Structure formats: C-alpha cells, structure tokens
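These are the residues of each chain, in order.
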Amino acid sequence: MKVSYYPGCTLKTKAKELDKYGRKSAEALGITLEEIKNWQCCGGAFTCASDEIATKLSSVRALVEAKEKGQDLVTLCSACHNVIKRTNAAMKNDADFAMKANNYMKLDTPYYGETNVIHYLEMLRDTVGFDELAKKVVNPLKGKKIAAYYGCLLLRPGKVMAMDNPENPRIIEDFIKAIGAEPVVYPYRNECCGGYITLEDKTIAAKKSNKVLHSAKVAGAEMVITACPLCLYNLQKNGTEDLPVVYFTELLAEALGVKED
Amino acid sequence: MQKIGVFVCWCGSNIAATVDVKRVAEALSHENGVVYSTDYQYMCSEAGQNLIKDAIKTHGLTGVVVCSCSPRMHENTFRKACALAGINPYMVEIANIREQCSWIHKDMVQATAKAIILGKAAIAKVHLNAPLTAGTSPVKKRALVIGGGIAGIQTALDIAEAGFEVDIVEKKPTIGGKMSQIDKTFPTLDCAACILTPKMVDVAQNELINIYSYSEVSAVKGFVGNFTVTIKKKARYVKEDVCTGCGLCTEKCPQKKVPNEFNLGMDNRRAIYIPFAQAVPKVATIDPEYCTKLKTGKCGVCEKVCTAKAIDYNQKDEFIEREYGAIVVATGFNPIDLKDYDEYAYSQSPDVVTSLEFERITNAAGPTAGKLLRPSDGKHPHTIVFVQCVGSRDTSGCGKPYCSKICCMYTAKHAMLTREKYPDTEVYVFYIDVRTPGKSFDEFYRRAVEEYGVHYIKGMVGKVAPEGDKLMVQASDLIANEQLNIAADMVVLAAAIEPDKSARPLATMLTASMDTNDFFTEAHPKLRPVESPTAGVFLSGACQGPKDIPETVSQASAAASKVIGLLVKDHLTCNPCVAESNELMCNGCSACEKVCPYGAITYIDKEFRMPDRTTLVRRVASVNPAVCQGCGACTVACPSGAMDLKGFSNNQIMAEVDAICK
Amino acid sequence: MTELQMKEQVLRMSGVDPLKCMRCGKCSGTCPSYDEMEYHPHEFVYMVEKGQISKLMASDSIYKCLSCMACVERCPRGVEPGKLVEAIRLLAVRRQGANHLKPDDIPAMLDEDLPQQAIVTAFRKYTK
C-alpha cells in the first residue's frame with residue numbers, strides 16, 4: 001500500500017537516520033512512503049494565535065496534495081506531526097481560519113481538513129498492527145530495557161493529537177514490546193526536553209533533559225528512543241546522563257533486519 | 001358570555017420594573033368579556049387574594065385571569081382563592097408575565113406589549129373554560145426506598161416510625177452504603193460504624209421494614225399513591241432465610257483471589273462472601289463471576305461445610321411485583337474514575353490512592369487492620385501529600401463542574417488523624433479553596449492546622465512522578481510564589497463524587513428529571529428540596545447533590561416526613577385535566593393506547609345506534625381518569641381528532657394562538 | 001496602544017478567557033520552566049485579566065515558555081495559559097526592531113548536530 005509522506009527539513013539533513021530507517025522499515029512492512037512533491041518546511045512550531053495564517057500554509061499545501069492523491073499523510077518527525085495535525089484540525093474546526101487559508105491558497109476546491117494525518121507510530125499500530133509487526137521481526141531485541149521518550153509534541157494538546165492517553169501513553173511501549181525488547185515506563189516520558197531553548201540557554205535545556213534521562217535511568221532503562229530530532233539532540237548533547245538515545249526507526253530497522261543493506 | 005376579571009401583579013419590582021403594569025391592566029380592560037381589571041403589588045399576598053375574592057363577589061365574575069409569575073409557582077394559590085369565593089378553580093388562567101416576559105426582556109415598551117398579548121391569550125382561553133371537578137384515587141399505604149445507605153436507612157426508619165410499611169431495595173448484598181466503609185466522621189470524629197451499625201440493626205429488626213438486598217428495581221408503573229414496582233432479586237445462590245451468617249463457607253471457599261470491593265480491591269475475599277462483619281442481612285452471597293462450582297460444576301466446598309443447608313446453586317433471579325404509594329430515591333454516590341488524571345500517577349503507583357481507599361487503610365476493619373501502611377511495600381509513610389479538588393470544579397471535560405462539597409472536611413480529618421496517630425509523619429494538603437461552611441466545620445479545619453501542624457498549601461499539584469520508592473510531587477505554592485518539589489511516600493487524591501450509575505436508568509423508569517450531572521432535580525430548589533417534580537417520588541441523600549452525613553440524614557428525615565404526609569391520606573385528589581375521547585369520532589386505531597406512558601387508555605367494544613334503528617358495535621378508546629396524568633401525548637397521536645384534554649382542549653389552545661397572532 | 005487595547009488584542013489572538021480561571025495554580029505546578037520565569041503561568045492569566053500587558057511584554061518570561069502545552073493539557077478549567085504567553089510574545093516581537101533572535105547571531109549558536117528544527121522553531125517563536 002502507498003501513503004503520502006512528509007519528511008520535513010530536519011530529516012533531510014541532521015536526522016537522516018530517522019528518515020532512512022523509517023523508509024526501509026516501511027518497505028519491509030509492505031508500505032511505500034510516497035514523498036509529497038515540493039513540500040516546504042512546516043515551521044517547526046504551531047502558532048496558536050488566531051491571526052497567524054501564512055505560517056500554517058505550507059502544512060495546508062502538503063495536506064491538500066495528500067487529499068488529491070486520496071492517501072493518508074504520514075509524518076515521522078514529532079514537530080512536523082504536531083504542526084500538520086494541528087493545522088489540519090484548525091482547517092476542519094475553525095471556520096474563520098479555514099476561510100482565510102483557502103483565500104490565500106486559491107485552490108480549485110477549498111480544503112476543509114479532509115486528509116487523515118497519522119504519525120508513523122500510529123501507522124505501525126493501526127495499519128500494520130503491533131501483532132503483525134512482531135511476526136515480521138527477525139532480530140528481536142531480547143532483554144534490552146528501552147525507555148520511550150514521547151516529549152511534548154506527539155501527545156499535546158491531547159484532544160487534537162489524539163494519539164494516545166497524553167498522561168500515560170503506551171504506543172511506544174507497545175512498539176518496544178513488538179520488536180522484542182522490554183519497555184521501561186517512567187514518569188517524565190511526556191515532559192519537555194527543553195526544545196528550542198537550547199539556542200538561547202543550554203543550561204535550561206540541560207536541566208530539562210537531565211530530568212528526563214535521570215527519570216528513565218532510575219526506572220532501569222539502558223537506552224532511550226524518540227521520534228523527535230530536537231529531543232534527541234537535547235538529551236544527547238545537553239543531557240549529561242550516560243544513556244544512549246536513538247531514533248525508534250533505527251531499532252525498528254534493526255529488528256526487521258533491514259538496517260544494513 | 002363569561003364575566004372576566006383581570007388581575008395584574010407587580011411582583012414587587014420583578015414584573016413592574018420591566019412591564020408597565022397599569023398599562024397592561026388598562027389595555028386588557030377593553031377585551032371582550034372583561035368586566036374588571038386592576039393591578040396590585042403582590043397579588044399572591046393575603047391582601048392580593050382578598051382583592052380577587054372581593055371582585056368575584058362584587059362583579060359576579062365567572063372567570064379570572066391573573067397576570068403574574070409562572071403557573072408552577074402560584075396557579076394553585078389563585079385557584080384556591082377563587083374556589084373560596086365560589087367559582088370553579090379551573091375557571092382561573094395565569095398569564096406568565098414574569099418568567100416569560102419581565103425576566104427575559106429589557107425594553108419596557110416591548111415587554112409591556114408582550115405582557116398585553118399574553119394576557120389576551122389567557123382571556124381568550126377563559127372564554128372556553130368549563131368548570132372541572134377533580135376525582136380521587138386511593139393511596140397504597142406502603143413506601144419503597146431505593147438504596148440502603150445511610151439516606152435510605154434513615155428515611156425507612158422514619159417512615160416506619162409513623163406506622164407505615166417500608167421496603168428497602170439495595171443492589172449490594174448488605175445495606176450500609178458508603179458510610180459503612182468510613183472510619184471516623186467529621187467534625188466530631190466519632191466512629192462511623194458505632195453510629196451506623198445500630199441503625200442497620202434497627203432496620204433489620206423493625207417489623208414494618210422489609211429489606212430486598214442484592215436486588216434492583218427493574219420496572220415502575222402507575223402514579224402517585226398507586227405505583228406498581230417490579231423488583232429483581234438477583235440469585236445469591238444462598239437461601240436467605242436459612243443462612244445463619246456463621247461465615248464458615250467464607251473461610252473454606254478455595255477461591256481466594258477475588259478483589260474485595262468493600263476494601264476497594266486492596267485485599268481479596270472469597271467467591272462466597274459476607275461483605276463485612278456487621279452486614280445486614282448477615283447472609284452469604286456467591287459471586288457467580290468467580291465461583292468455580294457455578295462456572296465449571298466442580299467444587300461444592302461451601303455446600304459441604306454449610307450445616308444449615310443454605311447453599312442452592314440452582315437459584316435463579318426472581319422478580320417480585322409490589323405496590324407502593326410513594327417512592328424514595330436514595331441511590332447515593334461514588335468517587336469518579338481517575339483514568340483522566342494520570343498526571344497524578346494513580347494508575348502507575350499503588351501508593352497514589354483515593355481518599356476512600358485511604359479511609360479503608362486507616363479503618364481497623366480494613367486491609368491493614370487500621371495501620372497506616374502504604375500499599376506498595378507495607379511500609380509506614382513519613383510524608384503524605386493530599387491533593388484536593390481532583391476532578392471537582394473541572395470544566396475541561398475530564399471531571400465534574402461542581403464542588404463535591406465533602407472533600408475539604410474529610411481531607412482535614414485524614415490529615416488530622418494521621419498527625420495524631422503518627423506525629424513523625426509530615427502531612428501536606430494542597431487546596432484551591434478550603435470550604436468549611438457547616439456547624440463546627442471551620443473550627444475543625446483550623447485545629448488540623450493549629451493543633452496538629454498540617455501544612456496547608458494554597459496551590460495545586462501539577463504532576464506526581466514515581467521515582468524509586470518515592471513519589472515526586474511537583475506543585476505550586478501560590479502564596480510563596482514558588483514551585484515545590486516534595487518527595488512523598490504516599491499521595492491521597494480527593495476524587496470528585498458523582499451520582500451512582502444506577503440513577504440514570506432509574507430516573508427514566510420513574511419519569512423523574514435529572515440535571516446534566518445525573519443528580520435528581522428537586523421540585524423547587526429552595527421550597528421543595530426533597531420532592532422530585534414527579535408526584536409521589538421523593539429524594540434522599542447524595543442522589544440529589546453532594547452531601548455529607550449530617551446533611552444526608554436531615555434530608556432523609558425530611559423526605560420521610562413528606563412520604564408520611566402522603567401516606568396518611570386515604571385518597572388523593574386527581575388532576576381533572578385529563579384526556580377524554582369523543583367516541584363518535586374515535587376510529588379505534590389504538591394510536592393513543594400505544595403512546596400512553598401511564599397505561600390509562602383501554603379499548604372497549606361499544607354499541608352505537610345507527611340512523612336506521614340498527615345498532616353497530618365499534619371498538620373505541622376509553623380513558624381511565626384516575627390513571628391519566630394529562631400529559632397530552634394521546635391528543636397529538638390521535639389521527640381523527642377524537643382525543644382531547646380537558647382544560648387544554650384543542651379549541652382552547654387555538655383560541656390562545658389566535659389571540660396572540662391577531 | 002493602551003493597556004486595554006493590548007489586553008483585548010491578546011484575548012482575541014489567544015482565544016483565552018482568563019475569567020474562567022479559578023486560581024488553582026495547577027499551570028504553575030506543572031510548568032517545566034517555572035524556575036526560569038519572572039512571571040509564572042498563573043500570573044500571566046491574572047495579569048492579563050487585570051490588563052497588565054506591557055509588564056508581561058517587558059519580561060524575559062515570555063521567552064522562557066517552552067510551548068510544551070503541559071499547562072494547556074492539565075488546566076481543569078480549560079483556560080490554556082500557554083496560548084496567552086504566546087499571544088503576548090507575538091505582541092512583543094511584532095514591534096519594530098523587537099525581534100528576540102537576530103539572523104546574524106545564528107552562526108555562533110550552531111554546532112554540527114543542532115537540528116534545523118531548533119532554528120526554525122526558534123525563529124517562529126522569537127521573531128515576527
């Protein structure tokens with residue numbers, strides 16, 4: 001099956017592994033990720049203000065293309081997912097914003113949030129199914145104690161993102177089980193890593209990141225996985241705990257036996 | 001031709017501030033048939049009523065229109081006054097110029113014009129009114145109380161005290177309700193069991209009270225004074241009249257891993273069980289979900305050890321039909337499910353407990369025999385954080401928009417008792433507001449602070465993070481303007497309370513109204529707080545709104561007094577505004593019979609004389625006026641226009657509409 | 001702009017009604033940036049209600065909010081303090097020459113691993 005795929009700017013540069021292993025694994029699972037043509041950067045952050053229109057149009061463009069192809073739009077980077085999913089919800093539920101955005105876009109048919117935006121993890125859970133995924137695992141990561149790091153972007157605002165229980169999620173834990181490893185549940189898995197504040201003040205980002213890493217370590221984790229390049233950066237660069245942090249797609253590719261080829 | 005008097009009420013400034021009452025009285029005085037028209041400051045007062053009575057006599061009035069508040073409020077008042085002055089009470093019409101006019105409009109010109117139109121409509125109706133005489137119906141002198149908690153117990157005892165029979169229907173195997181799970185009661189700190197269990201025994205021993213435990217109401221028919229209720233007695237697989245309550249079976253049953261709901265799942269019971277030592281009735285019950293014999297046919301240990309031969313694996317659910325004059329709802333409350341509050345880690349750590357769980361932990365008959373030990377490792381906690389308002393006053397969609405009312409006081413109690421028994425334990429209470437309006441309540445809370453050194457912090461907990469054997473509590477201290485991080489051993493959440501889930505289907509059966517939170521609505525929030533708007537249905541305890549024990553008991557006794565007031569009557573005056581079928585127009589289609597919610601319509605075969613001296617037998621609708629409640633559903637359903645409602649006939653309604661549209 | 005006009009604009013942009021706040025302080029209890037801020041999430045709500053916008057605009061607190069939405073997610077009244085912080089920050093950076101992040105400063109902030117995401121997000125958050 002084919003789905004529309006929005007990689008985002010970071011996945012083309014600093015987070016190539018997130019993208020590469022994501023594509024390989026999807027192929028191994030029988031899903032082709034068709035990259036949206038001429039996609040533009042999502043802007044990294046969804047601006048809530050009602051008078052911010054232009055900043056959301058690149059997302060609308062990608063959403064429209066997926067709609068025209070009649071495909072779900074799959075995202076991988078947490079930030080892109082957050083921005084596109086929230087923009088889509090605004091197109092669907094905020095008539096004023098939708099009117100203005102449609103006026104800017106001058107589309108043949110106005111867009112009202114028809115596209116289904118799903119994160120790669122949701123695709124694994126709902127399209128592939130974790131049970132099916134488990135069957136296709138050739139290198140189960142037996143005995144590895146892995147902590148899922150959700151951060152804030154995948155889950156909040158809960159009512160819009162609607163991926164999982166925002167306070168006690170399990171989708172990445174279920175993924176970890178599916179690839180044969182042991183999930184480590186810890187309380188700070190849905191707290192912020194510090195995000196873009198690292199540009200201004202690395203000490204703040206370090207505080208946040210260490211809180212997360214410490215929490216994971218106390219709970220017995222040997223490794224942390226994430227879907228967000230900025231989370232990965234903050235945990236690795238600003239955090240001082242000795243705990244490897246990798247993209248979840250890398251482990252997926254490893255488990256499916258498609259990491260090296 | 002009617003001679004009509006019009007009386008326009010000011011309702012102090014309630015009406016007169018927005019409606020020009022003199023102008024209304026003047027305008028209506030020119031209406032056809034109106035021989036007298038006046039206004040007065042308070043028409044419902046004695047002087048106002050005398051004004052109406054005098055006018056009836058002086059002007060020989062045959063009909064009266066009162067322009068005032070809603071008929072729900074004072075229709076009866078004015079009907080009585082007119083009856084005393086010698087005219088039929090159903091010759092009175094109310095034009096609601098308060099709720100439907102002055103209260104909802106701001107512009108005096110528009111409101112006055114509307115008041116005049118409403119008055120004209122009422123006058124048009126009075127022209128078509130006919131005197132109606134109310135019939136009577138007998139009262140079944142027995143009451144049903146649904147729910148056997150402290151509310152139901154108190155109501156039942158008070159009704160029985162007046163000499164009437166009472167049945168209690170309780171869905172659990174024992175009466176006692178939430179109060180039986182509580183350790184001590186605020187603000188006096190007396191032992192809940194010591195004051196509740198004697199009352200439970202009183203209920204059991206009272207010859208006028210009959211308990212249907214492990215039972216549910218499954219159907220309700222009839223109306224005030226004449227309810228017929230079907231009670232489902234669930235199979236408990238133990239003969240209630242034979243079981244001696246010795247408890248041997250509950251010790252020998254090999255199925256030991258059944259979560260004990262009395263201790264909120266913090267320990268286990270057997271598949272055959274007596275909920276607690278003082279249960280009433282003290283009879284064992286088999287849990288069919290866990291009983292090996294019932295599930296697989298193998299075992300039978302309880303039957304073997306029972307010397308009274310009380311076990312009966314073949315018992316079936318039993319349906320009993322009973323008649324009652326009055327029904328009291330006392331279905332109580334439950335703490336909400338905390339699944340939407342995972343930021344407090346309730347589902348992630350056994351040491352995060354609800355207040356009711358904490359109550360069981362501190363109860364001598366609880367899972368830790370009253371020792372304050374935390375569930376995860378059985379260790380004594382040295383730092384406890386209480387969080388108030390978890391799910392209360394919450395409009396985000398996760399919780400309840402109302403204040404649960406009891407949490408401030410029980411949290412103060414828990415905090416105080418903890419400090420008293422374990423002075424080495426630091427106790428923090430996070431609060432938004434401390435609400436203690438009750439006799440000796442604020443003094444009680446202050447004692448917790450001043451004498452027991454409980455740390456009250458104005459602020460809210462944002463997150464509870466289990467870390468090792470600690471719970472890291474991150475919270476705001478709004479007065480110090482700082483964020484706190486407390487390493488706690490236990491966290492106690494004051495979960496909001498909500499009406500029992502059984503209340504909603506019950507309300508449907510009783511046609512009793514509820515608010516959006518599923519609390520039963522009272523007939524009047526101030527003046528009729530223990531009556532439901534449905535006649536003959538009364539409200540007791542937390543089913544009507546959050547309540548503590550003293551308030552519940554007061555309301556329970558109040559409901560009982562209302563029930564007694566009803567049951568002492570031999571007959572009730574019926575509503576004469578009932579349906580009536582014009583047999584000549586009825587085509588026998590049964591549409592009315594199908595929509596009647598009260599079963600008031602039957603079909604009879606009746607002989608009609610035809611013009612050529614022959615007779616014809618036709619099937620026609622017949623209304624039982626004692627059963628009809630005058631809802632009017634049949635008049636709408638009737639395709640031939642044969643069904644009409646006395647006092648609200650199609651002609652009368654159309655005359656009103658015409659008067660409004662003219 | 002007067003304080004009142006600024007307040008109205010903040011309310012319009014954010015869609016937040018500060019009067020729904022019951023002053024429980026859960027937003028500040030949950031905020032990961034609390035200790036970095038001069039004014040805390042609950043103070044944002046109350047100060048907007050009182051119309052003290054310029055005070056908030058002048059404070060560094062508006063650049064310390066991580067937009068992690070924890071306060072939005074957990075507010076029992078649906079007040080959404082994070083959206084207020086954002087609206088006030090936008091009001092501040094939209095003023096002439098008031099960008100909080102200058103493109104010329106960027107090269108010095110980079111390291112070989114810093115993802116693009118951080119730069120575009122910071123630009124979206126800190127500049128007009």
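Residues numbered from 1 in each chain as written. Chains lettered and ligands numbered in written order. Predicted model: local features only at pLDDT ≥ 70, side-chain atom pairs only at ≥ 80, totals over all residues. Heavy atoms only, no water.

## A look at the packing of aromatic side chains
Residues and elements named next belong to chain B.
Link 1 in the chain: This structure, assessed with the given rule, holds 13 aromatic pairs over all chains.
Link 2 in the chain: Look at Y341 and Y344: their rings are 6.5 Å apart centre to centre, the planes differ by 5 degrees, and that puts the pair in the stacked class.
Link 3 in the chain: Arranged with centres 5.1 Å apart and planes meeting at 65 degrees, the rings of Y402 and F519 form a pair that is edge-to-face. Taken together, the positions of Y402 in the loop between β21 (383-390) and α12 (407-421) and F519 in the loop between α14 (503-510) and β29 (537-539) put the pair 117 residues apart, joining distant regions of the chain.
Link 4 in the chain: On the basis of relative accessible area, Y402 is assigned to the buried category, the value being 13%.
Link 5 in the chain: Using a relative accessible area of 3% as the deciding quantity, one classes F519 as buried. (Phe/Tyr/Trp six-rings, centres within 6.5 Å; stacked < 30°, edge-to-face > 60°. Helix = DSSP H or I, 4+ residues; strand = E, 2+ residues; numbered from the N terminus. Buried < 20%, exposed > 50% of the residue type's maximum accessible area, 1.4 Å probe, protein only.)

## Let's talk about the nonpolar core
Within soluble globular proteins, side chains that are nonpolar tend to cluster in buried spots.
Link 1 in the chain: By size, the foremost hydrophobic cluster in this structure holds 144 residues, and its most contacted members are Y120(A), I172(A), F175(A), V224(A), I225(A) and F248(A).
Link 2 in the chain: Per element, the largest residue contribution to this core is eight residues, and it comes from helix α6 (residues 81-93) of chain C.
Link 3 in the chain: Residue contacts for I225(A): discarding those within four places in its chain leaves I146(A), A147(A), A148(A), Y149(A), I172(A), F175(A), I176(A), V246(A), F248(A) and L251(A).
Link 4 in the chain: With 58 residues, the next largest nonpolar core counts I182(B), M200(B), F276(B) and C586(B) among its residues. (Core = buried A, V, L, I, M, F, W, Y, C linked by side-chain atoms within 4.5 Å. Contact = heavy atoms within 4.5 Å.)

## Some remarks on the state of the cysteines
Link 1 in the chain: Summed over the entire model, instances satisfying the criterion amount to one disulfide over all chains.
Link 2 in the chain: Between C191(B) and C194(B) runs a disulfide, and the two sulfur atoms are separated by 2.4 Å. Because the sign of the S-S torsion sets the handedness, a value of about 85 degrees for the bond joining C191(B) and C194(B) places this disulfide among the right-handed ones.
Link 3 in the chain: Free cysteine: C192(A), not disulfide-bonded; nearest cysteine sulfur from C152(A) at 4.2 Å.
Link 4 in the chain: Between C291(B), a cysteine without a disulfide, and C302(B), which holds the nearest cysteine sulfur, the sulfur-to-sulfur distance is 5.9 Å.
Link 5 in the chain: When its relative accessible area of 6% is taken as the criterion, C291(B) is described as buried. (Disulfide = S-S within 2.5 Å.)

## Things to note about the interface of chain B and chain C
Link 1 in the chain: The partner chain C presents 19 residues to the 21 residues of chain B that form the contact.
Link 2 in the chain: In terms of surface lost to chain C, no three residues of chain B exceed L478(B), N481(B) and Q483(B), which account for 31% of the buried area on that side.
Link 3 in the chain: On inspection of chain B and its partner chain C, the count reaches one salt bridge.
Link 4 in the chain: Two residues, E343(B) and K26(C), come together in a salt bridge whose shortest N-O distance is 2.7 Å.
Link 5 in the chain: Inspection of the chain B/chain C interface yields 19 residue pairs in polar contact (both at pLDDT 80 or more). (Buried area = accessible area lost by both parts, 1.4 Å probe. Salt bridge = Lys/Arg side-chain N within 4 Å of Asp/Glu carboxyl O. Polar contact = N/O pair within 3.5 Å; in protein donor to acceptor, adjacent residues only side chain to side chain.)

## As for the domain arrangement of chain A
Residue and element names in this part refer to chain A.
Link 1 in the chain: Domain assignment breaks chain A into domain 1 (2-120) and domain 2 (136-256).
Link 2 in the chain: A C-alpha centroid distance of 23 Å is found between domain 1 and domain 2.
Link 3 in the chain: Taken together, the contact pairs 21 residues of domain 1 with 18 residues of domain 2.
Link 4 in the chain: Buried surface at the junction of domain 1 and domain 2, summed over both partners, amounts to about 1700 Å²; 76% is from carbon and sulfur atoms.
Link 5 in the chain: On the domain 1 side of the interface with domain 2, the three residues burying the most area are L18, Y21 and S78, jointly 29% of the side's total. (Domains from an automatic or database assignment.)

## Observations regarding empty space enclosed by the protein
Link 1 in the chain: Scanning all chains against the criterion turns up twelve cavities of 30 Å³ or more.
Link 2 in the chain: Approximately 280 Å³ is the volume attributed to the largest cavity.
Link 3 in the chain: Surrounding the largest cavity, 26 residues form its lining, C152(A), L153(A), Y196(A), L66(C) and S67(C) being those nearest its centre.
Link 4 in the chain: Taken together, the elements giving at least two residues each to the lining of the largest cavity come down to α3 (78-93) and α10 (229-238) of chain A together with α8 (116-126) of chain C.
Link 5 in the chain: Looking at the lining of the largest cavity element by element, the count peaks at four residues for α3(A).
Link 6 in the chain: The computed volume of the second largest cavity comes to approximately 140 Å³. (1 Å grid on protein atoms, 1.4 Å probe; cavity = no way out; pocket = protein on both sides within 12 Å on 5 of 7 lines; lining within 4 Å. Points joined across faces, edges and corners; volume = space filled by probe spheres on them.)

## A short note on the sheet that holds strand β6 (residues 182-184) of chain A
All names here are of chain A.
Link 1 in the chain: Overall, parallel pairing links the four strands, which are arranged β6-β5-β7-β8 in an open sheet. Where the open sheet ends on each side, the last strands, each with one partner, are β6 and β8 (245-247). Taking the axes of each pair of neighbouring strands and ignoring which way they run, one obtains an average angle of 40 degrees across the sheet.
Link 2 in the chain: Two elements, strand β5 (residues 145-148) and β6, share three bridges in a ladder whose sense is parallel. Considered in β6, the bridge of A147 is made with V184.
Link 3 in the chain: Relative to β5, helix α8 (residues 171-178) is tilted by about 155 degrees, and along the sheet it contacts β5, β6 and β7 (223-226). (Pairing = 2+ DSSP bridges. Axes fitted to C-alpha atoms, helices over the stretch in contact; angles between N-to-C directions.)

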